Structures are given as C-alpha cells and as structure tokens.
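Observations on the model geometry
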Amino acid sequence: MFRQYALLVVALLFHASLFAQTKVNISGYVKDGSSGEVLIGATVQSKETNRTVRTNSYGFFSLELDAGESTVLISYVGYQPIEEQINTTTQKRFNFELSPIGREIEEVVISGKKQNKNVTSPQMGAINFTIEEIKNVPVLFGERDILKTIQMLPGVGKGGEGSSNFFVRGGGGDQNLILLDEATVYNASHLLGFFSTFNSDAIKDVELFKGGIPAQYGGRISSVMDIHMIDGNNKKFAGEGGIGLIASRLKLEGPLQKDKSSFMISGRRTYADLFLKASNDKTVNDSKLYFYDLNAKLNYRFNDKNTLYASGYFGKDDLGYGDLFSFDWGNATATVRWNHIFSEKLFSNTSLIYSDFTYNVNVSNENSDFVIASKIENISLKQDFSYYANNKSTWRFGLNALKQKISPASLNAQENSAVNSINIEKRYGVELAAYLSHEWNPTYWLSVLYGIRATDFMVQGPGTFYTFDADGEAISIEKFSGSKVIKHHLNLEPRLSASFILDDKQSIKTSYNRIVQNLHQLTNTTSSLPTDQYVLSSKNIKPQFADQVAAGYFRNFANNTYEFSVESFYKHMGNQIDFRNGADLQANEYLEGELLFGKGRAYGLELYVRKTKGRMSGWVSYTLGKSERQFDQINNGEWFNARQDRTHDISVVGLYKLTDKWNLGANFVYYTGNAITFPSGKYTVDGRTLFYYTERNGYRMPDYHRLDLSATYEPLKENKRFKSSWSFGLYNVYNRKNAYIIDFRENENNANITEAYKIALFGIIPSVTWNFKF
Amino acid sequence: MRFLYIYSLLTLFVLSSCEELIQVNLNEANPKYVIEGDLNDLSSEQFIRVSQTVAFDAPVRSKPIDNATVTVSDDKGKVYTFNSVGNGLYKSSFQPKAKTRYNLKVSVEGEVFESSSYMNSYVDVDSLGIMEDVIFSDTVYSVTLKFEDPRNTPNYYKYNISVNGKDFEFSRVFSDKFNDGLYVTHQVSDSKSEILLGDTVVVERQIIDKPVFNYWNEVLSINPGSAAPANPTSNITNGALGYFSVSSAKRYGFRIKFKEEGN
C-alpha cells in the first residue's frame, strides 16, 4: 500500500518533466530581403507554443522552442510574413529575410494575431515609428522631419510654430534624451529650430518613451527618444535623394562585401543663402545662412557571432554677415558598436560613443576683433547584455561610464581689440551607471518589466567652486586641482511597468519610474538658442529628478486595424532650475549664484486612436494636461504654469492612398496657447514707458491651430531601376496668422497710448520636392 | 552680448514682415509706487519724481503723486529736503559730490521707501566721433566716445541722449566686464528713432554704480524673446518700482555732418 502511494507521489512530482519536451533556444536576425537591413521589432512566433518574441534594436531575436520540428512565423509591418519549418536538432541559428510588400499588393491580412504588441507588451508610454510610415505626413517646406511627426503624438507638446523642439508630459525641452545610434545629440535643431538635425534619408526608425522608461536608459527626466540610423544596403548599390525648395539630399549605400558588410552615407544641405548672392550689396552678397548634415555608417559581419558597426553624424549651421560677423554651431557624434552572440541565450553589445556640440562666434570690426567658442562633449563606454533565459523571462543588464566635459563660452580677443579675453573654467563630471532589468511573463495574462538603475555622478576637478548666500552673492571659494572627485551624487532609479492582458484585444497597463538628470541646459529665452549654457550637477546644483506614475487601457479593434489607448500620468519633478531676475548667464564665473531651485508637477490624460492598415490610415491624438512649477523666489512662492502648459492639444493625421500613383496626406493641429507673462499695468521711468508685471505666466497666448495638406505622385515605372516621385505640400492651408510673439509698445505718435501687437511666422507656404531612388 | 543682439535682430528681421495690432485683455493690477531719482553734478538743481502705475489701456503714461515727503541725506549726515513742484516732481537745490554715498527716503500714505547710491568719480572721455553703419542698405548714424577704462575696478556707464533739442531719454548702459582697463569705445544711438544727417545730438554720460547698472541692464534685456519678463530689480526698498542714482556726469554735443567729425 505504502509503495503504491510512494509511486503515485513520485509520478505526480515528475509529471511535468515526464511529459514536457526538451526546450531549445534558437536565435538569429530578421532582415529586409531586398536590402539586408535588419528589422527592429519584427516578431518571431512559434506556431506550436504560440510564443512570440521581438527583434531588438540590432534585429536580433532569441526564441525558446520545443526540440525537434517547429514552425515559426516571422512578420513585420509592411512586409510579407513568412512561415518557416525548422528543425532545432540540426540548426540553432537562423537569419530570416522578409520582402517588403510592394504597392501592387493592396492589403495583406497578416495571419496569426500577434500584431497587437501595443496591447500585450508591458511597455507603456512608448511609441515607435519607421520613417516609411511617416513619409507622406505633410510638413513645413516639404522637409520630412521625424521630430515634427513625433510632436503630433499624445503627451508630446509642440515646440511652437515650425519648431522641432518638443515637450513630453509637461517636461522641459532640455529634459528629453535624444539618442542617435546611442550617442547623445545635444541640440537637435537647425536654423532657429525650424529643422531637426535628423535627415530622414538616414534614419531607420525612432522610439519615444514618455513614461515607464526601461532601466537601460537614463540621464534626462522627461523622455527618451532613441533613433536608429539605417545600416546600408548589403545586397546592392542604391541611392536616394531629393531636390526641394530649400534643401537637397543625397544618400548612397551599398555592399562592401555582399551580405556581410555595407556602407551608407547621406548628406543634406540647405541653400537659403543662394538668394543672398543675388543681392548687389557686397556685404549681403558675402553673407551666409545655411546648414548641412552628414550621416555615415559602416557595418561588418565577421561571422554569425560578431558584427561591428561604426556610425557617425556631423552637422553644422553657418550664419554670417559679410566678414564682420559669423556664427556657426553644430553637433558631431561617433559610435562604434560590437555585437557579440555568446550563445543562443546571451546577446552582448559593447559601445564606445563620442558626441559634442560646439558653437563659435567671430566678430571683427574696426574696434573689436574676437572669437567666442563653446563646447560640450562626452565620451562613453557601454556594455549591455540581454539574457533570454526562457520564454517567460528575459534579463537585461549592463554598465555605462560617461565622461562629460563642458567648455563654457570663452572669449578670445586679438591684441588691441576693445575687449579682453575671458576664460571661463571648464567643468568635468563622470557618471557611472549600472542597471538590471527583467521582463517576466509568468502567465498569459500578466507581463512585467521591472528594473533598477544605479548612478553615481562624480563632480570632478580641476575647478573653482563657490558657495552662495540667499541673494546669490558668492560667500566662499574652494579651489580643486587635478581630477579629484569633489562630490558624489548617488541615485537609485527604480522602474516598473506591468501589463494585465484581459484578452488578446485589450489590456490594462501601469508603470512607475524615477529618473535622474545631471546635465542642465539654461534657457531664459522663449526659443532655445545654440548659445544656451549647460551646467553639470555640482555642490550647488542638485541632480534633477522625476517620479512618474501612469496607468492606461489599451484596446485593438477590427483585427488590430484600429489601435486605441488611453493613458493618464502624474509626474513630480524635483530640483528644477530657473533664474533670478536679470540673470547673467554668459561668461559669468558666478553663474551658479544666478540659479534658483524649485519643483514641478505635471499630470494629464492622453487619448490615441490609430488606424494602421488599409487605404486610409492615420491617427487622432488628444492630450488634456497641466504642468506647473514652484520656486520660493518666483511669483511669491506660489505655483505657476510652466510655459509649455497646454490644457488641450489635438492632432489629427490622415493618409489616403487615392490611386496607385497618388497618395494624399493631411494633418490638423490645435493646442491651447502657451502660458506667458503679460503686463498688468504701465509706468514711466526716465521718459520711457515700462510695463508692470505681477504674475509669472499668468496669461495665455492665443490658441494655435493649423491644417496642412500633401500629395505624393509616384509614376509607375516598375521595369526601370530608377524611380522618382513628386511631393507637393501646403503648410497652413487656411493661412491662419498664429501668434509667434505678442509684445507691447508705446504708440509711435502718442506716447500716452500703449498697444499690443503680434508677430506671426508662417502664413500659407506651398512646397514641392522631387525625390528619386535607384 | 552683442552677437546675441545681432542674432535676435536677424531673427526679428525675418519675422517682422507679419506684424499686426491686436487686442489683449489685461488685468488691472493694484497701483504701485514708482520713484525716479537721477541726481548728478551737472546742475545744482536736483529732481526726484514719484508716481504710480496705471492700467495698460489708461490714456496717460503714469499717475503723478504730489503728497510724498522726499529727503536725501549724505554720508556726513547732511539732509536735503525735496519740495513738490507738481506733476509728481520734487526739487532740491544742491550739487552732489563724488566719492559720497547718498541715502533716499520717500514717505507717502504711510509707506516708506528707502535707497542709497554711491557717487563715483567721473571717467574722462578722450575723443568723440560719429559712426556710420550700413545695415541692409540703410545708413544709420551713432556717436562714439573713446576713453581709458580705469583698470581693476568695475566701472558702469549710463548714457542719455537728446536729438534735436528733445528731452533726454535713456539710451544705453555699459559695464567693463569684457574690457576692464582697455581703451574703450562706447557707441550710443537713439533707441526710438534713427539719427539722421544734419541732426544735433547731445549725449549725457553718467558714471553710475552697480545696482543702477543692473536696473537699466534688466530694462534693456526685456525683449519679446524673454522667457519670463519681470520688473527690473530696483535698488529701492519696500517693493517700489524705479531706481535711485547719484552720478558724476558730463554732456557732449555732436552735429551729424558729411564725412566730418562732430565737435
């Protein structure tokens, strides 16, 4: 009797293992079959276990299967899905190639039901786009711009007319981490912000995290925008370009060794200054006003286990008035990455990254001859691992060491110049970070992504550090020499996102994250200028931090044709920075005394509906929000609206495939005007009318709205290798004069009368661009 | 800095094409007292003005206050009483002396406002000139004053300007932050209207102290691009607007002629 029980117990205990098959991991890459370009976020699904994984940002996947024969389904938006029979006993590494859906195939209903990543993934507050998806969205001057399209998503505030600046969930423009192939881009705009530094020809896709930011990212408290450059075609030589009203572009790519290595080089230049050449005035004739971008990438696959990528960006704006004055600024980035596959389960990436932002001013006239130069740069070493333990569990962990150096604007005067040379001390800091993150799907209805990031920001010498009294006057001085660590700022940043899957169409998600920022941009103008000063956390400046909680409901309709989501968030921001009245931010060794520290809060509700398939696609997004700040020394210590506080923000984007040759696009945006400080009275001093201000940001700019249209014509010439298309655009179709600036002045004829006036930037602007591809 | 000024000038040049007058509903704040005290050694009659703010759309520029008690005392204890002469103006007869600190006290309706200003010695001008600038094919004139800036001391300069006999108006302030101890050229023009050929220009140059420089520098830094325009930081206590300055000053006359230096 006892023996029988014992046998039964043993049988029950071993039940699972007796019946379960051996598990095997397969891994590999998913690529575009026509160009060899890796696909990011492509799905690989086991038909037997119904388990789905996604490729990472290098196109790599790892999937656990039952040993033996299996069927896997590989799919990606815009590509013909494939089904592959594989035998895991003979092979464990697979490279899958998908073919892009040609336009002759009107619609492909992807079999399976895994086009619902937005529902099932634990990640929330994230949006990603491929350049292909947004190419028909109308834009200013016909220049496709990823940053301007991002602004039309919920929770992302528009920077203002024509601006590529953006505000995420009530945060500031300098609180967004913008990464181009992992390198920080300090100033993502050209020409007063009207163009972003991202030439869309060179970009593969972009992912924006507004909340629930995964632990591998850190450094800015508001958002992370992760932009990937294309790798270059490793099948055949190809080119792409365009000629537009204000800029032209050309991209060349091709294999260095077929299927193994490739290159990509892409350039863009504006030619607004060519019009200046037409002037008779010599000084105007010699003036400059242009920018250019250069992106390049090389990749080399040594073998199945090792791939090396080298990519770089260089861009410059150049503004000059004769030889009297010139002003140029630009970013440079360089990234070298090594992907190594230790096993089917362990993927490693090692990156060495450099990026900088510089500006230079040259002034040379009869009594002054000087140069102002400023530079901010960092060099960073990063090691990331992904461990695909099993179908329920993926671990990510890594280390990052980043050295930051700021060379504030220094003035270098020629001898006999009417100004003295000024040298402001450089500032140094090192940030060490380690993170651990675990994506865990214990059951079909729960999926959790949690992790922690630990950072140690070290304020480094050499340097002179001051302490300040309550009025910002320096009261003591300390000098440090060598690269001594002057202060550690230690922080722990917990991250958590969870998704509760109700069924395969709907889920509820929630997230919390803390994130810390040690590099601060000082902007005291309404638009951010290239000359904005940067400071590091120091003895006086504490790291900014944000705590954000968010919850949302995600639902897909009609076989994932429609994606719907509603998210709401609350964000607390600490150690925020503002300035004393009349703060002197340039070439000021007592700069830190001009800063004020306070806090912020932002909350809101975001609605988003997107139609992803069919002739008609597009999205509607709506954000209801509030963003406020509080500083003891500003506005009598009371909370006031942040400038980017927007009650309502609506964007509608519609794309319609009219015929095989014609694609139409339209977008409409509406938002509540910025909070702004207007006068509440006037008085005179020395015969000059001055305005009396009572409340910080107590007024509103008028509401902003605008409609844009576009049409793309692509003649059918499938037999030829050379393809071309025409893009026509109309910006601000109903010619609304949206206020860019509102200001006040005395009437010219009667000083007793004061008047308000507005300046509008762009009325209706047509554009035409000719694009080609070969 | 100057390049920022040029930068914003270029921006405004691009933008100024689409400008129109609009109506903005502005609140009317409770009136605030404004004190203007610009004392200097150019004359033996000194004036201080007391007024109040008015609503933005009021048909006057300010509301004069004539019932205040205004006194100035120096650091030797001598007190100068200012008497109301109407339109918010108060007058006293004395000539301030350099290297002296002067203290202001204004009492009105139970409120007391105080300030103090240090009168620096004059910094002599070496030579005068007229500058012709061509900006986008327009010829604009300004006057220049060249001088040796005293080394190793912070110096602050304020200029008022009068064109063709009109009232003096504030023009510019300068500090020697970037050119301490050098041979410096200050360029002065009329902020409201351009100086043209044939005009007569008188420039009043004052050697001011740091708080007064800060005040006027903040007045100048308020432009349409300021993220948060604020009232310039006054050197007067108790929340009064305006400023109190005692300076050494001199006046210089110019006549804008064809390719010739003024007098």
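About the cut-offs
- Residues numbered from 1 in each chain as written.
- Chains lettered and ligands numbered in written order.
- Predicted model: local features only at pLDDT ≥ 70, side-chain atom pairs only at ≥ 80, totals over all residues.
- Helix = DSSP H or I, 4+ residues; strand = E, 2+ residues; numbered from the N terminus.
- Buried ≥ 20, exposed ≤ 12 C-beta atoms within 10 Å, placed from the backbone.
- Contact = placed C-beta atoms within 7 Å.
- Pairing = 2+ DSSP bridges.
- Nonpolar A, V, L, I, M, F, W, Y, C, P; charged D, E, K, R; others polar.
- pLDDT = per-residue confidence, 0-100.
- Core = buried A, V, L, I, M, F, W, Y, C linked by C-beta atoms within 7 Å.
- Domains from an automatic or database assignment.

1. Some words on the overall build of chain B
Regarding its fold elements, chain B presents two helices and 16 strands. The burial tally for chain B puts 34% of its 263 residues in the buried class. In chain B, the proportion of contacts linking residues at least 24 apart, taken out of those at least 6 apart, comes to 60%.

2. Observations regarding the sheet that holds strand β6 (residues 79-80) of chain A
All names here are of chain A. Spatially, β4-β1-β8-β6 is the arrangement adopted by the four strands of the open sheet, whose pairing is mixed. Only two strands of the sheet have a single partner each, and these edge strands are β4 (60-66) and β6. Summarising the sheet, strand β1 (residues 23-32) and β4 pair through seven bridges and their orientation is antiparallel. Counterpart to lysine 23 in the pairing with β4 is aspartate 66.

3. Here's the deal with the interface of chain A and chain B
On the chain B side, the residues contacting the 59 residues of chain A number 59 residues. Within the residue set of the side of chain A that touches chain B, elements represented by two or more residues are β23 (325-341), β24 (346-364), β43 (682-685), β44 (688-691), β48 (739-746) and β49 (754-760) of chain A. Across the side of chain A that touches chain B, the residue classes break down as 27 nonpolar, 22 polar and 10 charged. For β49(A) and strand β1 (residues 19-22) of chain B, the ladder comprises four bridges, and the chain directions are antiparallel. Opposite Ile759(A), over in β1(B), you have Glu19(B) as the bridge partner.

4. Quick look at the environment of Glu143(A)
Residues and elements named next belong to chain A. Examined against the element boundaries, glutamate 143 turns out to sit in the loop between α4 (131-134) and α5 (146-150). Using a count of 24 C-beta atoms within 10 Å as the deciding quantity, one classes glutamate 143 as buried. Separated by 117 residues in sequence, glutamate 143 and lysine 260 have C-alpha atoms that sit 33 Å apart. In this view, glutamate 143 contacts Phe195, Gly244 and Ala247; residues no more than four positions away in its chain are not counted.

5. Observations concerning the confidence of the model for chain B
Here chain B shows a mean pLDDT of 86. Residues at 70 or above account for 89%. In this model residues 1-9 of chain B is a low-confidence stretch, pLDDT under 50, and it forms 11 contacts with partners more than four residues away in sequence or in other chains.

6. So, the nonpolar core
Core analysis: the biggest nonpolar cluster contains 79 residues, and Ile203(A) and Met225(A) have the highest contact counts within it. Both domains that furnish three or more residues to this core are identified here as domain 2 (126-226) and domain 3 (227-773) of chain A. Residue contacts for Ile203(A): discarding those within four places in its chain leaves Ile131(A), Ile146(A), Phe198(A), Ile227(A), Met229(A) and Ile230(A). If you look at the next biggest cluster of nonpolar residues, it comprises 47 residues, including Val34(B), Tyr102(B), Val188(B) and Val203(B).

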